[in-house]
Amino acid sequence: FFFKQKTAYEMLRSLVGSEMCIRDSDWTKQQFEFEDSQETKVESKLFKPLDPMIELLDANSLDLMSMMSQGKYVEFFKETVEDWRDKLRRVDAVIGVWLKVQKNWKRLVNIFLGSDDIRAQLPEDTKRFEDVDKEFRDMMADVFQSPGVIEASTNERKETLTTLNQNIEISEKALNDYFCLLYTSP
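Here's what I pulled together on the structure shown here. (Residues numbered from 1 in each chain as written. Predicted model: local features only at pLDDT ≥ 70, side-chain atom pairs only at ≥ 80, totals over all residues. Heavy atoms only, no water.)

A short note on the packing of aromatic side chains
For any pair of aromatic rings, geometry is given as the distance between the ring centres together with the angle between the planes. As a reminder of what qualifies: Pairing of aromatic side chains requires ring centres within 6.5 Å, counting the rings of Phe and Tyr and the six-membered ring of Trp. Pairs whose planes differ by under 30 degrees are stacked, by over 60 edge-to-face, and all others tilted. A run of DSSP states H or I qualifies as a helix once it reaches four residues; a run of E qualifies as a strand once it reaches two. Both are numbered from the N-terminal end. Note on exposure labels: buried denotes an accessible area under 20% of the residue type's maximum, exposed denotes more than 50%, and partly exposed covers the range between, all computed with a 1.4 Å probe on protein chains only. Each ring is checked for a lysine NZ or an arginine CZ that lies within 6 Å of its centre and within 35 degrees of its normal; such an atom marks a charge sitting over the ring.
According to the stated counting rule, one finds nine aromatic pairs in the structure shown. Relative to Phe 47, the ring of Phe 34 lies with its centre 5.5 Å away and its plane at 40°, an arrangement referred to as tilted. Here Phe 34, found in strand E1 (residues 34–36), pairs with Phe 47, found in strand E2 (residues 45–47); they are 13 residues apart in sequence, far enough to count as distant. Where Phe 34 meets Phe 144, the ring centres are 5.3 Å apart and the plane angle is 80°; that geometry is what we call edge-to-face. Taken together, the residues Phe 34 in strand E1 and Phe 144 in helix H5 (residues 123–145) connect sequence positions 110 residues apart. Assessed through its relative accessible area of 13%, Phe 34 is described here as buried. Overall, the relative accessible area of 36% leaves Phe 144 in the partly exposed class. The ring of Trp 84 carries the charged tip of Lys 87 above its face, separated from the ring centre by 4.4 Å.

And the structure:
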């Protein structure tokens, strides 16, 4: 009996310590860091590499999964653990789409906004990309003003980013089709 009680007590202390570590691991203070776009002719704020944040996200997500597997020992703060697990999942999902949009935007912005030939040959896709460009740069400016990761990683923002990514892919497909036609024509 004493062994089980001591083990449960030690496990509880360990779990509470882990939960506190995650809650206090600076996620409430974690902020995006920015740099000016160097490769583009268009001025915009872009995320600096997020590798350390992604490593912390992965580590904390694993800690939370481990805590949830502890059964009855986690019951009294299970709601808090689930809340943090949901927050970190949302951050992971939003950052994944956001980084894809940023990468593709950087690749295509000079082509669609800086090439008179592309603007003339693909006016609809250029207009679509201009809309993406405006919305993306406005979003980055907003997050630059309020860079909290948890606050910026909303489901609504994920939906917006997903739509931006779809529009980028449509414009990129049209661009690829144009280049194929251009280079395969006799």
